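Chains, contacts and geometry: an overview
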Amino acid sequence: MEFLKGIRLSAFLDCYQEWHACVIGFCEVLCPWPPRHSINSIDSINSEYHYYMFGRAMGVIAWLIIAKIIQEAFW
């Protein structure tokens, strides 16, 4: 695993801007309501867009897990 030597996992989600962007992305996908704010008006999302997209991806995965649980429970 030579390619992982330069990656520091301790730097992943280590400040509140990163957490904020990730949580907003996750909640926007998981919650079906329209967002209350424009994405362009939130600085932490603009500066940490990759964490926002990671949160959205985790929201999609959460929906897939929820759908599988419902499928197994009812069919």
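Focus: helix H3 (residues 49–74)
Helix length check: H3 (26 residues) gives 38 Å between terminal C-alpha atoms against 38 Å at 1.5 Å per residue, within 8%. Among the residues making up H3, those that are buried are Tyr-51, Tyr-52, Gly-55, Gly-59 and Ala-62. As for H3, its buried residues are in contact with helix H1 (16–30) and helix H2 (43–47).

Some remarks on unusual backbone geometry
The residue Leu-13 is not glycine, and still its phi comes out positive at about 55 degrees. Inspection of the secondary structure puts Leu-13 in the segment before H1.

Some words on the pattern of salt bridges
This model, assessed by the stated rule, comprises two salt bridges. The residue Arg-56 makes a salt bridge to Glu-28 at a minimum N-O spacing of 3.2 Å. Of the two residues, Arg-56 sits in helix H3 while Glu-28 sits in helix H1, which places them 28 residues apart along the sequence. A relative accessible area of 28% means that Arg-56 is categorised as partly exposed. Exposure remark for Glu-28: the relative accessible area of 23% places this residue in the partly exposed category. The shortest N-O distance in the salt bridge between Glu-72 and Lys-68 comes to 3.2 Å. Residue Glu-72 and its partner Lys-68 are located together in helix H3, separated by four residues, close to a single helical turn.

Re the environment of Phe-26
Structurally, Phe-26 is set in helix H1. For Phe-26, a relative accessible area of 28% gives the class partly exposed. Residues Phe-26 and Ala-57, spaced 31 residues apart in sequence, show a C-alpha to C-alpha distance of 7.3 Å. Residues in contact with Phe-26, not counting those within four places in the same chain, are Gly-55, Arg-56, Met-58, Gly-59 and Ala-62.

Conventions and cut-offs
Residues numbered from 1 in each chain as written. Predicted model: local features only at pLDDT ≥ 70, side-chain atom pairs only at ≥ 80, totals over all residues. Heavy atoms only, no water. Helix = DSSP H or I, 4+ residues; strand = E, 2+ residues; numbered from the N terminus. Expected span 1.5 Å × (residues − 1). Buried < 20%, exposed > 50% of the residue type's maximum accessible area, 1.4 Å probe, protein only. Contact = heavy atoms within 4.5 Å. Salt bridge = Lys/Arg side-chain N within 4 Å of Asp/Glu carboxyl O.

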